[in-house]
Amino acid sequence: YIWAMGVLLFFMVTGTMPFRADTINKLRRCILEGTYSIPTWVSAQCQRLIRGILRQEPAERCALDQMLGCEWVPLLIAVENAFHGLSMAQEWSGLW
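Now for a description of the structure that goes with this document. Worth saying up front: this structure is predicted, and the values here are computed from it rather than measured. (Residues numbered from 1 in each chain as written. Predicted model: local features only at pLDDT ≥ 70, side-chain atom pairs only at ≥ 80, totals over all residues. Heavy atoms only, no water.)

Turning our attention to the environment of Tyr36. Here Tyr36 is to be found in the loop between helix H2 (24–33) and helix H3 (44–53). A sequence separation of 18 residues divides Tyr36 from Pro18, and the C-alpha atoms of the two residues are 5.5 Å apart. With near-sequence residues (within four places) excluded, Tyr36 lies in contact with Phe10, Pro18, Phe19, Ile50, Arg51 and Leu54. (Helix = DSSP H or I, 4+ residues; strand = E, 2+ residues; numbered from the N terminus. Contact = heavy atoms within 4.5 Å.)

With that settled, consider the packing of aromatic side chains. Per the stated rule, a full pass over the model turns up three aromatic pairs. Seen in terms of ring centroids, Trp3 and Phe19 are 5.7 Å apart; in terms of plane orientation they differ by 15°. Their pairing is stacked. Of the two residues, Trp3 sits in helix H1 (residues 2–14) while Phe19 sits in the loop between H1 and H2, which places them 16 residues apart along the sequence. Here Phe19 and Tyr36 contribute two aromatic rings whose centre-to-centre distance is 5.6 Å and whose plane-to-plane angle is 80°, an arrangement assigned as edge-to-face. On the criterion of sequence distance, the pair formed by Phe19 in the loop between H1 and H2 and Tyr36 in the loop between H2 and H3 is long-range, its members being 17 residues apart. Assessed through its relative accessible area of 8%, Phe19 is described here as buried. An aromatic cluster of three or more residues is present, and its members are Trp3, Phe10, Phe19 and Tyr36. (Phe/Tyr/Trp six-rings, centres within 6.5 Å; stacked < 30°, edge-to-face > 60°. Buried < 20%, exposed > 50% of the residue type's maximum accessible area, 1.4 Å probe, protein only.)

Shape descriptors only; they carry no functional weight alone.
As structure tokens, then:
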């Protein structure tokens, strides 16, 4: 499950999948070898989190408590709260 969360995080941040290839066999090889690249515009904190989650060896992957303790997660929550507040303000303004 942890690895799948890394794939989802990568997709949510970049809008693309971390593992890409022309054929299923090449895709499988990329996944098994852990071959992916994170765009340079992704923050260093987020890059560290993604790399920690997408490690090939399950025992070396970040644990859930490590992910929640990552310095990038509070930033994500703050941004989400700001957008939520914005959408709530828009909803309330529509009532007047």
